[in-house]
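# Structural description and commentary
In case you want the letters, here they are:
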Amino acid sequence: MIYKLSLATVLLKLLLIGIAFNSLFYLATKNFNYVVYLISFIIIIGFEVLIFFLKPFLHKIIILENSICFCYKKFLINSYSEKVKKEQLSFSYKPEIGARGSEVDELRFYINGKKITGIGRGFDGWKQETIYDIIKEFENLNINKIE
């Protein structure tokens, strides 16, 4: 079974943030200039994409017979994967407190008790239905769930 994040969802959310920011810029500016607005919009979207895709992000989870493969990408070019035996893997799905005090449900993965990554927060592109499917699949495979 293969689970993938939705890059279209990520890009759509980043685009909406850019539109919202530029709308505020438009409302705050007395002398509106379309060229300045367009240039600032392109800079904002480019900066958001650069920040999101610059660090490694989990883009695919492949469930094999005896192991789970976590596939990462860095800036959409470099790819690498990490294969984990099912016995070494555990997961948790619970509310986590973010950097600004916001509480969001996050699916975290652990190898021998050490966190390797988490999905489901903010703009990471993982759909809630996909996260629930992963949890259900892990429970069916008897992968240890940390409460």
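Residues numbered from 1 in each chain as written. Predicted model: local features only at pLDDT ≥ 70, side-chain atom pairs only at ≥ 80, totals over all residues. Heavy atoms only, no water.

### A closer look at the pairing of strand 2 (residues 57-63)
Formally: Remark: exposure states derive from per-residue accessible area (1.4 Å probe, protein chains only) relative to the maximum for the residue type, with buried under 20%, exposed over 50%, and partly exposed in between. Starting at the N terminus, helices and strands are each numbered in turn, a helix being any DSSP run of H or I of at least four residues and a strand any DSSP run of E of at least two. Think of it this way: DSSP has to see at least two bridges between two strands before they count as a pair.
With six of seven residues buried, strand 2 lies mostly within the body of the structure. As paired elements, strand 1 (residues 2-4) and strand 2 share three bridges and run antiparallel to each other. Across the sheet, I2 pairs through a bridge with I62, a residue of strand 2. Where strand 2 lies against strand 3 (residues 67-74), six bridges are found, and the strand directions are antiparallel. Each residue of the ladder has a partner; that of I61, found in strand 3, is F70. If you look at the hairpin formed by strand 2 and strand 3, you'll find three residues sitting between the two strands.

### Regarding the pairing of strand 5 (residues 89-97)
Sheet analysis places strand 5 next to strand 6 (residues 103-111), joined by nine bridges and oriented antiparallel. By the bridge assignment, K94 is partnered in strand 6 with E106. The sheet contact formed by strand 5 and strand 8 (residues 144-145) spans two bridges and is parallel. Note that in strand 8 the partner of S90 across the bridge is N144.

### Let's talk about the layout of surface pockets
Worth spelling out the cut-off: Think of a 1 Å grid over just the protein atoms. A cavity is a set of points where a 1.4 Å probe fits yet cannot get out, a pocket is an open set with protein on both sides within 12 Å along at least five of seven lines, and lining residues have an atom within 4 Å of a point. Grid points are joined across faces, edges and corners, and a volume is the space filled by probe spheres set on the points. Think of it as three bins: nonpolar holds Ala, Val, Leu, Ile, Met, Phe, Trp, Tyr, Cys and Pro, charged holds Asp, Glu, Lys and Arg, and polar takes everything else, Gly as well.
Of the pockets and cavities examined, the second largest pocket occupies roughly 230 Å³. Looking at the second largest pocket, it is lined by 10 residues, and the ones nearest its centre are L14, I17, E48, I51 and F52. At the level of elements, helix 1 (7-28) and helix 2 (34-54) are the ones that each hand at least two residues to the lining of the second largest pocket. The element that contributes the greatest number of residues to the lining of the second largest pocket is helix 2, accounting for five residues. Class assignment for the residues of the lining of the second largest pocket results in eight nonpolar, no polar and two charged.

### A short note on the sheet that holds strand 1
Stated precisely, the cut-off is as follows: The angle between two axes is taken between their N-to-C directions and runs from 0 to 180 degrees, where each axis is a line fitted to C-alpha atoms and a helix contributes only its stretch in contact.
Strand order in this open sheet of four strands is 1-2-3-4, and the pairing throughout is antiparallel. Single-partner strands in this sheet number two, and they are strand 1 and strand 4 (78-85). The average angle at which neighbouring strand axes cross in this sheet is 20°, direction not considered.

### Focus: the side chain of S90
Counted only if it meets this: Contact definition: two residues touch when any of their heavy atoms are within 4.5 Å.
Structurally, S90 can be placed in strand 5. Its relative accessible area of 6% is what places S90 among the buried residues. Setting aside anything within four residues of it in sequence, one finds S90 in contact with R108, F109, Y110, I143, N144 and I146.

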